[in-house]
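Read off the chains here:
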Amino acid sequence: MILNDDSQKNRLADLLAFVENTKTSKPEKPAKRQRTQPAEATQLPDYYFNQDESPSLEFDLKPTVDVRPYQREALDAIIDTTSKNPKEHFARSGIVVLPCGAGKTLTSILVASSVKRPILVVCSTIIAAEQFAKEFLNFTNLMASKTGMFAGAKKWPFNGPAGVLFTTYTMLVESKNRTIDSKRMSTFIEKTDWGLVILDEVHCVPANNFSKAIAKINTRMRLGLTATMLREDEKIGDLETLVGPTVYHAKWKELADKGYIAKVICTQIESNMTPYVKSTYDSIQTQNNSLLGHGHHLKSLLAILNPKKMQICQRLIQYHEAKGDKILVFCDHIDALKLYAEKTNRPLIYGGTPTDEARILLSRFQIDVPKNEEDLTWNQIAARRSLRANQINTLFLSRIGDTSLDLPAATVLIQVSSHFGSRRQEAQRLGRILRAKKRNEKGFYSRFYTLVTNDTLEVQFSEKRRQFLEEDCGYGYQIWQVGDEHEGGWTVEANEDTTTPLDDEVKTDPLTCTIQGGGSRLYANAEDEKQLVDHLTGLKKCVIEVEDEMDTVPTTAAKRKRT
């Protein structure tokens, strides 16, 4: 995506203001604000769905589905059934804010089963749309023939006058290169009288193209879902007009304490650059301290691929895999992502990964075979070992994995790079490990590691990113300062936060213990370091996944910018 001149200037000004730690307020430009709020995108009135004469969609929740108390509270905040006259029951448009893994999908399905009118579900990615459709059929008695799909290559309407259609934000945006099938589906959406539009990852909506597309949809009600009411472009306030007010907001820490989502220990691991890499880093010049040029990207690569950071990442993977954990490693910079995956010999998914291949890798990551083979027959042992051979325990992801991935097997997340100081991204990545299936086991904690190279912009960006989790979600960060090598590991100075649990059995063991058979450390000698630096400084173009207008993931392949 190539940003326009105004967007580049505004973004650069914001980033420089943060780095210099200044607070500069600029007067708003009314004309620009008006473009993000089309006149037709007005807040919808209360929807008296039992008075609606449009086609009815008869389906109900399966009796075996366990609805949590806070999901009932959210439903009651949206659907008003206080009147004894069913004709006077109504639904409010608005936004539900629930942590990742807390059941936003089921909450929206509860609303849909109350309204019982044609439903349009808009998601941020193809995989998210497919997952939403699967959950709809799992939780309700809705027939599959009553569902449609308009995402990627899948383009079909539902059967009959009423049903549920799943699509993505990008598919709703007008394009001159639409296929005949896409035009047919667009016409279907335009002509359908929708009772409810469900907007997953609703923080995407304020983007100019998306807000206009959503505003054109003929609907009686809009329901937004998100874990984070955050955007870094100050457009989050537009949602009240585009969708409606926040009608329900659950606190992350409260749900974790009650066992609905996993408890998490957040750790920031800080390390110095090796002298050779540091001298190269310091020698690189950037134009006017720019955060957008080739020089900045090269310095970012050196900070991300700091050999000591790579060794720490390697060690965390080895330690947690040995403990039976499932690990996600996030890196925004594609060149660095590929190198990390190659050197650790683990698979990766990024914007250029074909959807089918990504789907297979995600499925293999979900395979979790117990190691204990006692009291099993030979056939059972053989079956387990065959399954284990196909199992993936660590998966590298670009920012395409920030949202909408349902990976309940994941228990550990390692972040080696991020998108500047985005608080939203920090919270959403944390959400990847809140679904952990082991969350109710005694003494279990999910682990969130952020790896930071000292004396680089990573330090300042990390401070801003932690702000939302610390102040709004109640999560504290413990800081590990990694020192010299010591007895197979490193010396670690640990500064624990007041929220660090006393029954944490792991503590600093991942970096201080000795792992037998761990192999050689990455870039552990001067020759390897020189090869790394020569490779990076020889790059003519740095490939990065950049944010679309809504600062979220694309639906098919991530847009890439070459600098």
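Just above sits the structure.
Attention in this report is confined to the structure presented alongside it. (Residues numbered from 1 in each chain as written. Predicted model: local features only at pLDDT ≥ 70, side-chain atom pairs only at ≥ 80, totals over all residues. Heavy atoms only, no water.)

1. Structural notes on the nonpolar core
Counting residues in hydrophobic clusters, the biggest one holds 80 residues, and the most contacted among them are Val111, Ile119, Phe136, Phe166, Trp252, Leu430 and Tyr475. In terms of residues, this core owes the most to one element, helix 5 (residues 126-139), which gives 8 residues. With 42 residues, the next largest nonpolar core counts Leu302, Val329, Ala341 and Leu511 among its residues. (Core = buried A, V, L, I, M, F, W, Y, C linked by side-chain atoms within 4.5 Å. Buried < 20%, exposed > 50% of the residue type's maximum accessible area, 1.4 Å probe, protein only. Helix = DSSP H or I, 4+ residues; strand = E, 2+ residues; numbered from the N terminus.)

2. Things to note about the sheet that holds strand 17 (residues 477-486)
In space, the 8 strands of this open sheet follow the order 13-14-12-15-16-11-17-18, with mixed pairing throughout. The outermost strands of the open sheet, each flanked by one partner alone, are strand 13 (348-349) and strand 18 (489-495). Bridge analysis of strand 12 (residues 327-330) against strand 14 (residues 394-397) gives 4 bridges, and the strand direction is parallel. Each residue of the ladder has a partner; that of Ile327, found in strand 14, is Thr394. On the sheet, helix 17 (residues 423-431) packs against strand 11 (264-271), strand 12, strand 15 (412-415), strand 16 (446-453) and strand 17 and is oriented at approximately 140° with respect to strand 16. (Pairing = 2+ DSSP bridges. Contact = heavy atoms within 4.5 Å. Axes fitted to C-alpha atoms, helices over the stretch in contact; angles between N-to-C directions.)

3. Quick notes on the packing of helix 3 (residues 69-78) against helix 4 (residues 104-115)
At a minimum axis distance of 9 Å, the contact between helix 3 and helix 4 shows a crossing angle of 45°. Taken as axis vectors, helix 3 and helix 4 run oblique relative to one another. For the pair helix 3 and helix 4, the crossing hand works out as right-handed. Residue-level contacts link Gln71, Ala74, Leu75 and Ile78 of helix 3 to Leu106, Thr107, Leu110, Val111 and Ser114 of helix 4. (Parallel < 35°, antiparallel > 145°, perpendicular 65-115°, else oblique. Left-handed = near helix turned anticlockwise from the far one by under 90°.)

4. Things to note about the pattern of salt bridges
Inspection of the entire model under this criterion finds 17 salt bridges. For Arg184, the salt bridge goes to Asp181, with nearest N and O atoms at 3.6 Å. Note that Arg184 and Asp181 are positioned in helix 7 (residues 180-191) at a spacing of 3 residues, about one turn of the helix. Looking at Arg184, the relative accessible area reads 39%, which means it is partly exposed. Residue Asp181 is classed as partly exposed on the basis of its relative accessible area of 38%. Connected through salt bridges with shared partners, the residues Glu130, Lys154, Asp356 and Arg359 form a single ionic network. (Salt bridge = Lys/Arg side-chain N within 4 Å of Asp/Glu carboxyl O.)

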